[in-house]
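This is what each chain is made of:
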Amino acid sequence: MAPAPSFRGHQWTYNPIQGSCLLLLLVVSNLLPCQGISCPSCSSDVFVSFQKSLTNVFINAASLSHDFHNLSTIMFNEFNEKYAQGKLYYISATKSCHTNSFHTPEERDKAQQMNNEDLSKWTLVLLYSWNNPLYYLVTEIQSMKNLSEAVVSSAKEIENMSEKLQTIIASQFRKIIFRVLKTIHEAGIPCSRLSSMKFSNEIRCLSKFYNLFHCLRRDSHKVDMYINILEC
């Protein structure tokens, strides 16, 4: 039985204990820190220092999200070249992403119309929703033939980057964490780790992987775009 995800320190972690998504939401809501604590002495120097620190945080996040998208694109291109040439995987790929139900903005001009809180919410929704698929991707991709070690390493690095981005964004927008998890729960994203990826038919298996690579490339582009807007 596949392990269920848990939440610790605003990051998804993996453990062998099955749990309920709804229970997870309730637990997290009790763990969230109190908001609205006033600053006893906020001088102009303190404010400037805070502003510079916040700017540096999002500069680092933007650089990380750019690498996150680039590696996702590299993995998709290599998989497409080695496994999907002449096949019709792409027909279903554009319609079967597990994050489709979120209807997140795909164009920059629409994303720029959102406020920072909503933009950060959708950034975390996408990142959290990829924790389980990335876990299986990293686990299963290592058994695939003719796939370069560079792609396997990239998959592991992408998983690490996703966790780091979650930590950065969640640390700046703590009050929206419950909203993020509630959105994922209401969208019906399963708690279990894509056990359906275990296929006896090789074509179906390759098609599933192609879909994941395609969707990861698309969603990593969105994450990169949203974080770059937040940086500005």
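The structure we're discussing is the one just above.
**Comments concerning helix α5 (residues 116-129)**
Taking 1.5 Å per residue, 14 residues should reach 20 Å; α5 reaches 20 Å between its end C-alpha atoms and fits that length. Taken across its 14 residues, α5 has 11 buried, putting it largely inside the fold.

**A look at helix α6 (residues 131-141)**
Burial analysis of α6 places nine of its 11 residues in the buried class, the great majority of the element. Here α6 has its buried residues at N131, N132, P133, L134, Y136, L137, V138, E140 and I141.

**What about the side chain of D219?**
Inspection of the secondary structure puts D219 in helix α9 (residues 202-231). The residues touching D219, leaving out its near neighbours within four places in the chain, are T99, L126 and W130.

**So, the pattern of salt bridges**
Two side chains bearing opposite charge may form a pair once their charged atoms approach each other closely. If you walk through the whole model with that rule in mind, you get seven salt bridges. Linking E107 and K110 is a salt bridge whose minimum nitrogen-to-oxygen distance equals 3.8 Å. Among the charged side chains, a network of salt bridges with common partners joins E117, D118, K175 and R179.

Calculation rules
Residues numbered from 1 in each chain as written. Predicted model: local features only at pLDDT ≥ 70, side-chain atom pairs only at ≥ 80, totals over all residues. Heavy atoms only, no water. Helix = DSSP H or I, 4+ residues; strand = E, 2+ residues; numbered from the N terminus. Expected span 1.5 Å × (residues − 1). Buried < 20%, exposed > 50% of the residue type's maximum accessible area, 1.4 Å probe, protein only. Contact = heavy atoms within 4.5 Å. Salt bridge = Lys/Arg side-chain N within 4 Å of Asp/Glu carboxyl O.

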